[in-house]
Every structure is written in structure tokens, then in C-alpha cells.
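Spelled out, the chains give:
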Amino acid sequence: MFSKFALLAALVAAAVANPIFLNTVVHDQRTAAPDGFAQTATPPAEQTIKLRVGLHQNNIGGLEDAVMAVSTPGNALYGQHLTKEQVEAFVAPAPDTVSIVNEWLSSHNITAQTISPAGDWLQFSVPVSQANTLLGANFKVFTHAETGKQFVRTLSYSIPAVLQGHVETIHPTTTFDNPFVHLPFVTAPQPAKREEGGITLDGRAVPSSCASTITPTCLQDLYGIPTTPATQSSNVLGVSGFIQQFANKADLTTFLKDFRPDIPSSTTFSLETLDGGQNSQTASQAGTEANLDIQYTVGVATNVPNVFISVGNNFQDGALEGFLDIINFLLGQSNPPHVLTTSYGQNENTISRSLANQLCNAYTQLGARGTSILFASGDGGVSGSQSGRCTTFLPTFPSGCPFMTSVGATTGTTETSATFSSGGFSNFFARPSYQSTAVSSYLTALGSTNSGKFNTSGRGFPDVAAQGENVEIVVGGRTGTVAGTSCSSPIFASVIALLNDQLVAAGKSPLGFLNPFLYSAAGQAALNDITTGIYIILELQGCNNPGCNTNGFPAKAGWDPVTGLGTPNFAKLKAAVGL
């Protein structure tokens, strides 16, 4: 007991010795925990909590201008991606920011570690009691009733007034991690089968089996994806791995034997790890998500070098720290992958606006370096990330970030939207200029439908789509089918990786941040527009993404918040990028 009082006295004395830090202001707060969470306990005072401080980046507006310039077709700087040093110059905090924040921490006997290449993130660990004192917070244990998962969070925290403009966010504080693991839906195992003939699309024969089961061959036929092996070793496709999801090489070998017999079954991927990540090859630990992602990048992007980036659990809790860590990990590399696909996410309302901004800024940095960042849009329709309790629509994160590409899902060989495909409008991020015309046209056509249930001025998502239902994979030696936008993101990422291979071979730059190109006239014309058409007469639900006790949004001509701009047409995309 005496030691606790001594610690408190020392902290108070330190603060008094630095009077500029005495006047505090609330920096972030929420009125209540997100739906489904309840405060259940007070954590032990001595329990350690790891805190991360996001510092003010000196010229994020300049970085956004730069990434738009190098990513917009027709701009004189198009394709001239920034170097590691150029990006860091935009985001490095000013010296006085670093100085005053470290002075504040030092006054509480805290020494922080820099954890990002540009020095804009600091990290330190303290007891919960000291975190409460430092931040004027009241950390509690919150339990998610449905899953039983627990998180130590506070509903409000403060910082010294003199740190305003220097500190952007502190995490984890008011952000609640996604209690639902965003994984593909698993359906009953089915035998592998291939049939000839069937539906014809744009002159390409699609096997009739593709109407019930999607394989790499189906995707090649549907989208005109070439089987010609890629040739450029510098053109790497990265696959994010989280929550102890392991990609099994034996399952990949089986998958290639069954579904890509035209390429060596020994074709594999490399591994990079961080935060204690690993990639166990024990058959029982083969991950459905990890296997799906790897099998449809290796199996579709023929001969493109694949790297599985396994993020371990050596951080506080939840996936958001991993989201930040993997980007900082790649930003620290001299040659990060040209494409990164991630099939995880959460509802936007569970994350603080300030943390969402900082994570979006991280994606902006990697995009400026020439990396195309793709995320699955989510699997709960307008209910967000597999959640049905809502009265207003729930956008997902990071799909609302304007500097990444969100991928929705389609189904069927005469493609229509998958009902689970999450889409909508961000409550945090404004509509970017590149999609202004497309989204405005949709809202005009939508009229008063769903009025009041979404932010009409928000960034719309998804941007594009790909097949996401009845996708065949191998897990633990067994063949089965899965569904979800988790399928769609690696499929679309593989198309981009193959385009990049041909661009690099022609002496050109990889595509990098995709959206300004995708929303251009040439980009839109190179995608298969998914509309209601006559299908709405046959099956209304197949053209919407229902949720929150509504039918959700309808798919319409042009962009829509179910399938975005549409699915890929490789030949047209190849011509649109100048090949």
C-alpha cells in the first residue's frame, strides 16, 4: 500500500515541477461503449497497459496532394512514386513536437520508444493506475456479451493543453477492437469438379460448374485473366496474416494440383513475420482465411512472387495494432510489395476518429510509395462487419479511408451482387474528389431510399468487386467452399499484380494507389458494371446488401455501394493502363 502512495506522490510532484502540463483538456471521448459491450470490472491497478502516441505529422496535406498527383492518369507526375525519404519528410513530426511530448512523458518518469520509420509513433508501457493519472482517464474492463472477449478501455482521456497540435491520438483508449473475427463463411466440403462448356461472356466460354463452384479457371474465364507466367521478380504481391491464421504449403500444393495443373504444384510463397508472427505448417493449424488468400493469389496471379506477412500477437490486444504495425513494417522496407491485400476489418464506429485518421495516413504513405492497398469491404451488408443490430447503417473500417481500395463481392456467372457485400458511406471521411461524380450520380438515382440512415457526404465504398461466393479452397487436406469479401480482395489483388508485372516488364511504374485510375473514364470502362437489370424481377435480395432491418442499397448502373464500379475485365484494364 505504501508503494502505491509513494508512486502517486512522485507523479504529482513531477507534474508540479512542470506546471505547463497541469492545464488539461479532453482530447477524445465517447458517450458509451459500442453496441454489445458492457463495463464489467475495474482492472488491477498494477496491470500493465501498452500505450501508443500518434504525433502530429508535419505536412499530411502535402502528402495527400503528392499521392494524388502520382496516382492520377494525365497528371505530369503520374507514376512517379515517392521514395521512402520523400514520404518520411512529409510525415515526420516537427522537432518541437517530439521535444515537448517527450518532456511531458519524462515528467511522469516515462521513456517512450519510437516505433515508426518517420518517428510519428511512440510507444511505452505503464501500470493502469499510471495511465489513469497520465491521461486523466478511468480505464475499465469492457466485455463483449456475445463473444466474451474483454478489453481494457476508457470512455474519455485528456492531455495537457500545450500538447494540442502535437498529439493526434493515444491508443488504446476509446477504440474498441472488433469482437467478431472477419473470416470467410465456410460451407460444406464438396468434391473438386471441372466441366467444359456453359455460359459465354464476352466471347469466353465459362464452364457450367462455375455457376455453383468458383475456381481459378472460372476466374480466368470470367475476367479474361491470363495464364501466362509473370516474369518480374521485383513485382511482389503481399498477403496480410493476422490472429494466428497460418498459410499451409501442403494445402497449397494440393490446391494447385487440383485447380492449376498447368503450373508446378511446388509453386509456393515466401514468409515475413513481425510482432512474433509465425506460420505453423501443422495441418490442424491451417487457417481458412490464410489458405484462401494464398491459394487465390498464388493460384490466380501466375508466377507473381507472393509473400505471406504474418503479424503475431506481441501487442496490446486486437487487430488494430497489427494494422498499424504491418504498414510501419512495410514502410521501413526499401522495396515494399507492389500490392497488399487484407481480408480483415471492423465497424467504423468501434474506432476513434483520431486513430482512424492516423491509420488512413499510414495507407496514404504506402500508396505514395507505389503500393496498391486492397481491403475486403466486410460481410454484413449495410450492417457492417457481420453484425445485425443497428438502426442506422454501419460503415466498415478501413474501407472508409479514401487512400485504399475497398473490394465488395459478387456471385454467379451472370454476376450480381452478393447479399452480404458490405458497402455504404463513411461517417469519418468526406467524399474524395475522384469519386464525386460517380457517387453523386448514384445518390441522385437513389432518391429518398434509406434517407437518414447514412452520411450522404461520406466517402463511398466499395470501389470494385470480384467473386465472393462458393469459392473452392483446400484446408487441412479437405476441399470445400467458402464465401465472403475475404475471397474478393485477393482475387482483385491478383489481377492488379498481373497488370503490374506487364507494366514493369514494359519499363513502366506499377499502378500504386488505384482509385484515381479506377474512377477515371478509362478505368470505369474497363470494369464489368454490376447492375440490377432484369435480375431484380427474379430475386430482389440478390441485388441489394440488406441489413439494419432494411433491404440495404440497390446495385445500379455505374458505381453503387454494393459492388462499387464493378468487376475486372483484364483485356480492357490492360489497354486502359497503356499496355
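Looking at an unreviewed UniProt entry, one finds the protein named tripeptidyl-peptidase II and attributed to Gymnopilus dilepis. Entered under Subcellular location (unreviewed entry) in the UniProt record, the comment concerning the protein runs "Secreted, Extracellular space". Per UniProt, the comment on the protein under Catalytic activity (unreviewed entry) is "Release of an N-terminal tripeptide from a polypeptide."

Chemist: Can you walk me through the state of the cysteines in this structure?
Modeler: Disulfides are covalent bonds that link the sulfur atoms of two cysteine residues. Overall, the coordinates contain 3 disulfides when judged by the stated rule. Shown here is the disulfide that connects Cys210 with Cys218, its sulfur atoms set 2.0 Å apart. Sign of the S-S torsion, about -90° for the bond between Cys210 and Cys218, identifies this disulfide as left-handed. A relative accessible area of 2% places Cys218 in the buried class. Covalently, Cys360 is tied to Cys401 through a disulfide, its sulfur atoms 2.1 Å apart.

Chemist: Before we go on, may I ask you to explain the packing of aromatic side chains in this structure?
Modeler: Working definition: an aromatic ring pair is given by the centre-to-centre distance plus the angle between the planes. Taken as a whole and judged by the stated rule, the model has 21 aromatic pairs. Here Phe269 and Phe308 contribute two aromatic rings whose centre-to-centre distance is 6.3 Å and whose plane-to-plane angle is 75°, an arrangement assigned as edge-to-face. Of the two residues, Phe269 sits in the loop between helix H7 (249-259) and strand S14 (270-274) while Phe308 sits in strand S15 (residues 306-311), which places them 39 residues apart along the sequence. A relative accessible area of 6% places Phe269 in the buried class. An aromatic cluster is present here, built from Phe393, Phe425, Tyr442, Phe454, Phe553 and Trp559 joined pairwise through their rings. The positively charged end of Lys249 is found above the aromatic ring belonging to Phe269, 5.5 Å away from the centroid.

Chemist: Sorry, what's going on with the sheet that holds strand S5 (residues 121-127) here?
Modeler: Strand pairing within a sheet occurs via backbone hydrogen bonds; the two strands may be parallel or antiparallel. Taken in spatial order, the 4 strands line up as S4-S5-S3-S9 in an open sheet, and their pairing is antiparallel. Looking at which strands have only one partner, the edges of the open sheet turn out to be strand S4 (113-114) and strand S9 (167-171). Sheet analysis places S4 next to S5, joined by 2 bridges and oriented antiparallel. Note that in S5 the partner of Gln113 across the bridge is Gln123. Helix H5 (residues 128-135) rests against strand S3 (48-55), S5 and S9 of the sheet, and its axis sits at about 125° to S5. Seen against the sheet, helix H10 (residues 353-368) touches S3, S5 and S9 and runs at an angle of roughly 105° to S9.

Chemist: Just to check I follow, could you spell out unusual backbone geometry for this structure?
Modeler: Residues apart from glycine generally show negative phi values, whereas peptide bonds are mostly found in trans. Cis rather than trans, the peptide bond between His171 and Pro172 has omega equal to 0°. Considering the arrangement of structural elements, one finds Pro172 in the loop between S9 and strand S10 (185-186). Note the cis peptide between Phe397 and Pro398, where omega equals 10°. Within the element layout of this structure, Pro398 appears in the loop between strand S19 (396-397) and strand S20 (405-411). Even without glycine at this site, Asn470 takes up a positive phi of about 60°. Locating Asn470 in the fold gives a position in the loop between strand S24 (464-467) and strand S25 (471-475). Relative accessible area serves as the criterion here: at 25%, Asn470 is assigned to the partly exposed category. Positive phi outside glycine occurs at Asn549, with the angle close to 60°. With respect to the helices and strands, Asn549 occurs in the loop between helix H15 (535-538) and strand S28 (567-568). On the accessibility criterion, Asn549 (78% relative accessible area) is exposed.

Chemist: Hey, could you run me through the UniProt feature "active site" (unreviewed entry) in the protein in this one?
Modeler: Mapped onto the present numbering, the UniProt feature "active site" (unreviewed entry) falls on Glu289, Asp293 and Ser486. The greatest C-alpha distance among the residues just named is 7.7 Å, despite their covering 198 residues of sequence, which places them together in space. The topology assignment puts Asp293 in helix H8 (residues 288-298). Discounting chain neighbours no more than four positions away, the residues touching Asp293 are Val239, Ser240, Ser343, Ser486 and Pro490. Position of Ser486 among the secondary structure elements: in helix H12 (residues 485-505). Only 2.9 Å separates the side chain of Ser486 from the side chain of Glu289, close enough to count as a polar contact.

Analysis parameters
Residues numbered from 1 in each chain as written. Predicted model: local features only at pLDDT ≥ 70, side-chain atom pairs only at ≥ 80, totals over all residues. Heavy atoms only, no water. UniProt positions renumbered as here; feature names shortened; annotations may be inferred. Disulfide = S-S within 2.5 Å. Buried < 20%, exposed > 50% of the residue type's maximum accessible area, 1.4 Å probe, protein only. Phe/Tyr/Trp six-rings, centres within 6.5 Å; stacked < 30°, edge-to-face > 60°. Helix = DSSP H or I, 4+ residues; strand = E, 2+ residues; numbered from the N terminus. Lys NZ or Arg CZ within 6 Å of the ring centre and 35° of its normal. Pairing = 2+ DSSP bridges. Contact = heavy atoms within 4.5 Å. Axes fitted to C-alpha atoms, helices over the stretch in contact; angles between N-to-C directions. Polar contact = N/O pair within 3.5 Å; in protein donor to acceptor, adjacent residues only side chain to side chain.

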